[in-house]
Amino acid sequence: MAIVQNRKASHDYFIEERYEAGLVLEGWEVKAIRAGRATSGEAYVMVRGEEIFLIGANISPLPSASTHFVQDPTRTRKLLLRAEEIRRLIGKVEQRGYTLVPLDLHYSKGRIKLSIALARGKQERDKRADQKEKEWNREKQRLLRSR
């Protein structure tokens, strides 16, 4: 069950491989995510050294959150993956044209996970071709229904 989805990812990128990563979260963040206060509009995934981080995801604190602790809604969050997966992703990202893209935030066995993808950026002509294909598929469905 998806909590937050990045709908622009499939529009802007060719998704080649998908991975499921855990997140290092604080207690107030987990409560806020369960309350539906997370957005990933401007979020992206970045490699720093031998670690992978989620940057720019906004988790706004609940109104009942502690006043003794200052919450940062857009703080950088570390992603948890197996060492061999991290090495493979770092190797691919260093190649030309590959990037890591967050796809969605979801629950898996009661835990909050992030689906990330190894992707290549689409050019404008690729986006137009995808749009034409979608429109043609819709038209085919309309023609088949009208029979």
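Up top you'll find the structure we're talking about.
Residues numbered from 1 in each chain as written. Predicted model: local features only at pLDDT ≥ 70, side-chain atom pairs only at ≥ 80, totals over all residues. Heavy atoms only, no water.

Caption draft 1: Broad picture of the nonpolar core. In this structure, Ile 52, Leu 54, Leu 79, Leu 81, Leu 89, Leu 105 and Ile 116 are the most contacted members of the largest nonpolar core, which totals 26 residues. Only strand E2 (13–23), helix H2 (27–34), strand E5 (51–55), helix H3 (83–94), strand E8 (98–108) and strand E9 (111–121) provide two or more residues apiece to this core. In terms of residues, this core owes the most to one element, E9, which gives four residues. Other than its neighbours up to four places away in sequence, Leu 89 contacts Tyr 19, Ile 52, Leu 81, Leu 100, Ile 116 and Leu 118. (Core = buried A, V, L, I, M, F, W, Y, C linked by side-chain atoms within 4.5 Å. Buried < 20%, exposed > 50% of the residue type's maximum accessible area, 1.4 Å probe, protein only. Helix = DSSP H or I, 4+ residues; strand = E, 2+ residues; numbered from the N terminus. Contact = heavy atoms within 4.5 Å.)

Caption draft 2: Representation of the layout of surface pockets within the structure. In this structure, the largest pocket spans a volume of roughly 220 Å³. As for the largest pocket, its lining consists of 15 residues, and the residues nearest its centre are Asn 6, Tyr 13, Gly 41, Ala 43 and Val 101. Contributions of two or more residues to the lining of the largest pocket are made by helix H1 (9–12) and E8. The dominant element in the lining of the largest pocket, judged by the number of residues it contributes, is E8, at four residues. Its residues placed into classes, the lining of the largest pocket shows seven nonpolar, five polar and three charged. (1 Å grid on protein atoms, 1.4 Å probe; cavity = no way out; pocket = protein on both sides within 12 Å on 5 of 7 lines; lining within 4 Å. Points joined across faces, edges and corners; volume = space filled by probe spheres on them. Nonpolar A, V, L, I, M, F, W, Y, C, P; charged D, E, K, R; others polar.)

Caption draft 3: Structural view of the sheet that holds E2. Spatially, E1-E8-E9-E2-E7-E5-E4 is the arrangement adopted by the seven strands of the open sheet, whose pairing is antiparallel. Looking at strand neighbours, the two that pair on one side only are strand E1 (2–5) and strand E4 (44–48), the edges of this open sheet. The average undirected angle you get between the axes of adjacent strands in this sheet is 40°. Across two bridges, E2 lies against strand E7 (residues 77–80) in antiparallel orientation. Paired with Gly 22 across the bridge in E7 is Leu 80. (Pairing = 2+ DSSP bridges. Axes fitted to C-alpha atoms, helices over the stretch in contact; angles between N-to-C directions.)

Caption draft 4: Up close: H3. With twelve residues, H3 extends 17 Å from end C-alpha to end C-alpha; this agrees with the ideal 16 Å at 1.5 Å per step. Along H3, the residues that are buried comprise Glu 85, Ile 86, Leu 89 and Ile 90. The buried residues of H3 all sit within an arc of 135° when viewed along its axis, so they share a single face. Counted as exposed and oriented over 90 degrees from the buried face of H3: Arg 87 and Glu 94. Tucked into the core, H3 has its buried residues touching E2, E4, E5, E8 and E9. (Expected span 1.5 Å × (residues − 1). Arc of directions from axis to C-beta.)

Caption draft 5: Structural view of the pattern of salt bridges. Counted under the stated rule, the structure contains seven salt bridges. Residue Arg 75 pairs with Glu 29 through a salt bridge whose shortest N-O separation is 2.8 Å. Taken together, the residues Arg 75 in the loop between strand E6 (58–59) and E7 and Glu 29 in helix H2 connect sequence positions 46 residues apart. One exposure class covers both Arg 75 and Glu 29, and it is buried. In this structure, Lys 78 and Glu 51 form a salt bridge, with 3.0 Å as the shortest nitrogen-oxygen distance. Of this pair, Lys 78 sits in strand E7 while Glu 51 sits in strand E5, placing them 27 residues apart in sequence. When salt bridges with common partners are traced through the structure, they connect Glu 26, Glu 29, Arg 75 and Arg 77 into a single cluster. (Salt bridge = Lys/Arg side-chain N within 4 Å of Asp/Glu carboxyl O.)

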